[in-house]
Amino acid sequence: MSMSADAAAPRLTSRPLQLAGGWDVGLLVLMALLYLGGAVLNPGFFGSTDAFQALLRDTSRVAIIAVGMTFVIVNKDIDLSVGSTYGLVAVIFARLYAPTFLDLGIVPSLALCAALGLGIGLTNGLLVTLLRVPAFIATLTTLLIGRGFVLALTGGQAIYYSDKGNEAPLFFGLGETNTFGFNNQIVVALIVIVVGAFVLAKTRWGYETFATGGNEQAAVYAGIPTRWVRIRGYVISSLLATLAGLLSAAQDRGVTPLYGLGWELTVIASVIIGGASVLGGRGRVIGSCLGATLVVLIDKVLREGWPIVRMIVIDGETIPVNAKFTLPAGAVPAFLGTLLLVAVLIEPYFIRRQVPQRLWAYLRGQPAPPKPESGGVAIEGVQTKGAMASDRAMSASGVWKLLARRDAFAIMLAVALWLVGLSLRPDYWWNLENSFALLLNYTELALLSIGLTYVIASGDIDLSVGAVLALAGAATAYCMKTLGFDPAQAVVVGLIAGSAAGLVNALLTVGFGLSAFIATLGMFYVARGLAAWMVAGQQLTGFPEGFNLLGRKLIDIFTYFGIEVPPGVLHAVSEALSVQTIYMALIAIVAGIVLGYTPFGQQILATGGNRRAADYAGINTRRVRFISLAFSGVCAAIAGVIYVAYYRSFNPTAGQLRELDGIAAVIIGGGSIFGGYGTIIGTLAGAAVITLIRSLLSLQIITAQGAFVMPQHWVNVFIGVILILAVLADIWVRQEGIVRIWIERIRKMVQGGRNV
Amino acid sequence: MSDAALAHATTAESSAEFIVEMKQISKSFGAVRALHNVDFTLRPGEILGLVGDNSAGKSTLMKVLTGAYHRDSGEVLVDGHATNFRTPHQSRDFGIEMIYQDFALCGNMDVAQNIFLGRWPRKGPFVDRKLMYAEAAGVLRRLNVNVNSVYQKVESLSGGRQQSVAIARAISFDPKVVILDEPTANLSHVATETLLKTMLELKAQGVAQVIISHRLIDIFEVGDRVMALKRGENVGDRYIKDTTEQEILELMIAGTAETAKSADAARARLASPGSSPRPSP
């Protein structure tokens, strides 16, 4: 900046140095250092221009999605479904275009894919705005439904259409290197970035987005159609994910079911690292794209590994051998998840407290700039909405009183579903094996759901329960097989590992004030990554029988200790009942009594109902939330140890999708996604409903045409739909009393008709 | 000003000790001066209206009293004891209760659970439900309010009834002072009437009350005294009997340090002929 310019228009040109600019420079420097580090460690890969090309090419797809995600996050929303949209679009395109399937032309294939992307975006947007489902629940469900479709439509196989690709060079050229020597996808990404940055920063659409994310209420008062703004954000995000999916189709001329797996993590981490705030109202497209480059670079450095020298002893002689150290594929999310959590903490603890400015002033010996005001003035207000159902409960008596309880529905549904099973397969449903299997599946889910009930009732959420289950199981198995611990020690280590994950969740949420879904989403990836890392390339089976007893039937225990059980009722019961079911029942009873009948239980419900009011009433809501989140980790850890004992091995897919089952169980059982409600009896019934639905869906139906079994992938899609329906029913029927309002309205109309 | 306060503390009119006395209170938020050397007094069983334009510092003054905000300077005496509350819970131990504008209730819990929020009676490790509902019913009877049932969920109650629950919760602590923040802001006409009746009921039981309100009409109906603030400073203190809504409005808008004399001083001035500050309506 020249002196004359300063003098001419000092106010306009000398804007204060904003960290945002420094932030971008910092990101670039960090990236350069990382790349150089990668080049030094692994010159074979990072030293070549090919590597640089590949980095930019792979970044371009992530960056395209990150542009859309920036809109969503600035809107104070979140879109977890982008990875599955990316994968699903590639799969649908393959199914439409590939000669082995529908064999459509290129134009209709592309049009249908675009329509699909639009549909997913609209679905997300409508669920979140019009139907008021919390964004993370709605998009998590679309994510899992999308993944279910990907698996179901590929059948777990890759689909290729290399030759047919030559028929449409215009489209498939997009995925290829052009005459200038770089990939066309980079051009597409640059166009999207420039347009996105322009729209977000310079147009009304962008301003509306910032207003909506900054203060939605104020934006509504100012006449901004915030619902449309938020729907628009989801549509942009989903359409850009579609574009990225199509680019991958153009590049690879084929698809595997793994496309886009975990990409939501990469993209959200990119946007947050790029300087956006999950609290909404802050974010820049350029920053997000730099973030995307950084994350992809880290991902590549981790995946490509680095050369090491291994000492190998051959015939008593130690020989150095060049080898390459690489992380197992599953372990990368552990780093990215940690990165996400750190990035989320940067904004409130680093930028808002002006740490760099203060440090700079300190180094120059100048007085530190004043701390920004952060008094305990604005305490977050959460108000639960009217529940008409409770009024009915007031006036009811006897059986009706029971039916008016929030958890009555789940109990009736569980009974009804069991009867459906009985009528479909009377030969099989009633026998001991089936009951045993049902109870076992039930135990795992019920354990997770008990912990989740505490968390959800206190107004938080725990998305990491399934991953924590896997972590605890992996730690137990690893300790026994690789480290040679005895079973008791291994169990303790497993429980500690799982509980530690719960503690970290609690610390991040309560101590650092992150929203629970972001903290536990980070833990979801970290715990799963660590579990995959521990078990990578190892066969963790063949544990001591004393350990396996943790997951056996009672009859096996009696046999192990040499106790004869005479045939009869006791024998039958001990054949159907297993040890873990007894553990679960004990935990359920204690948890149920604490939640329902003690002051601490009341404190949980008060905290979930209105945290501010509970604070004023002298309840230590931080302690309540901390204990609930930690308890959820403990429950998941117990479930993980039992899992290993039951299957006699550890499978990396342990606990997959269980967080979804658990949340659905709690909601069906009378909990509210907004907190303040939940009973253990209801949750147990809800878990029974989910277990029964799962086993009914995988039941072999024998018809005249033959046997039919629904594939597992479709079951997952189905469970996703059930979760979203349960949340919707909770919001609209229980909280708002919509059904009752409709009945009243119809009654009035009928009466009005009579009067006329 | 503090001289005047000391002076009128010895007059016959105020033979009773002040239940609350705040002297020279100042409080700033960053560059914003919210309160500047404000004095405040409250007698036992008195209903005081605290009025002023927006940002006059009414709520801030009361939050300084309850300990929700920490004062920069000044003294707070409760029942003659110097205090320095760090949280509202500490002022509660001294018998000061604040009822917030949004009532601060848990909608998902029933009336009795809300009245005993955070201090549910115990029987062993469990909540003593029987005792809780019986005592809640007792509190509601004492307050003479009509809430259908102690078993009803608060979120299904109307705004007026929710406020009754909030008041019931406050008086269940047996407070000496109840502060109501904009109590009539969200109430219907009928609910306001009920509230004013409840306030007189509390006054009869010897509870001093402070109403922070814009609605002078309510204050003139039940109040004993009214105190006006403007931009964080005292601008007036009058007995209801001696003043009119017109005068208070003028104080709120155009009051100065000169008009800020104590209610007793104002009464004395009024009694002496020829120097009435009271404007003719």
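In this text, all values refer to a predicted model and were calculated from it rather than measured experimentally.

With that settled, the discussion passes to the overall build of chain A. Counting its secondary structure elements, chain A contains 36 helices and 6 strands. Of all 756 residues assigned to chain A, the portion counted as buried reaches 48%. Partitioning the intrachain contacts of chain A with sequence separation of at least 6 by distance along the chain shows that 77% fall at a separation of at least 24.

Residues and elements named next belong to chain B. Across the sheet, 6 strands lie side by side as β6-β9-β10-β3-β11-β12; this open sheet has mixed pairing. One side of each edge strand has no neighbouring strand; the edge strands of this open sheet are β6 (96-99) and β12 (233-239). Looking at each pair of strands side by side, their axes are set apart by 20 degrees on average, direction ignored. Note that strand β3 (residues 47-52) and strand β10 (residues 208-212) share 4 bridges and pair parallel. If you follow I47 over to β10, its bridge partner there is Q209. In the packing of helix α7 (residues 189-204) onto the sheet, contacts are made with β3, β9 (177-181) and β10, and the angle to β10 comes to roughly 150 degrees.

Turning to the pairing of strand β11 (residues 225-230) of chain B, a few remarks are in order. Residues and elements named next belong to chain B. Counting buried residues along β11, 6 of its 6 residues qualify, which places the element largely inside the surrounding structure. Burial along β11 is two-sided: R225, M227 and L229 facing one way and V226, A228 and K230 facing the other are all buried. As defined by bridge partners, β11 adjoins β12 across 6 bridges and the pair is classed as antiparallel. The residue bridging V226 from the neighbouring strand is R238, located in β12. Taking the residues that link successive antiparallel strands as the turn, the β11-β12 hairpin has 2 residues, and the phi of R231 there is positive, at about 45 degrees.

We now examine the domain arrangement of chain B. One widely used convention gives an interface's size as the accessible area the parts lose upon coming together. Residue and element names in this part refer to chain B. Considered domain by domain, chain B is made up of domain 1 (1-95 + 181-276) and domain 2 (102-174). Computed from C-alpha atoms alone, the centre-to-centre distance between domain 1 and domain 2 is 29 Å. Tallying the contact residues gives 12 residues for domain 1 and 9 residues for domain 2. In terms of residue class, the side of domain 1 that touches domain 2 is built from 6 nonpolar, 4 polar and 2 charged.

Further remarks concern the domain arrangement of chain A. Residues and elements named next belong to chain A. Taken domain by domain, chain A comprises domain 1 (54-305) and domain 2 (389-741). Domain 1 and domain 2 are separated by 33 Å when their C-alpha centres are compared. Per element, the largest residue contribution to the side of domain 1 that touches domain 2 is 10 residues, and it comes from helix α8 (residues 135-154). Class assignment for the residues of the side of domain 1 that touches domain 2 results in 13 nonpolar, 2 polar and 1 charged.

Take the packing of helix α23 (residues 465-481) of chain A against helix α33 (residues 658-668) of chain A next. Residue and element names in this part refer to chain A. Between α23 and α33, the least distance of the axes is 6 Å, while the angle of their chain directions is 130 degrees. The angle between α23 and α33 places the two elements in the oblique class. On α33, the residues touching V465, G466 and L469 of α23 are R658, E659 and G662.

What counts, and where the lines are drawn
- Residues numbered from 1 in each chain as written.
- Chains lettered and ligands numbered in written order.
- Predicted model: local features only at pLDDT ≥ 70, side-chain atom pairs only at ≥ 80, totals over all residues.
- Helix = DSSP H or I, 4+ residues; strand = E, 2+ residues; numbered from the N terminus.
- Buried ≥ 20, exposed ≤ 12 C-beta atoms within 10 Å, placed from the backbone.
- Contact = placed C-beta atoms within 7 Å.
- Pairing = 2+ DSSP bridges.
- Axes fitted to C-alpha atoms, helices over the stretch in contact; angles between N-to-C directions.
- Domains from an automatic or database assignment.
- Nonpolar A, V, L, I, M, F, W, Y, C, P; charged D, E, K, R; others polar.
- Parallel < 35°, antiparallel > 145°, perpendicular 65-115°, else oblique.

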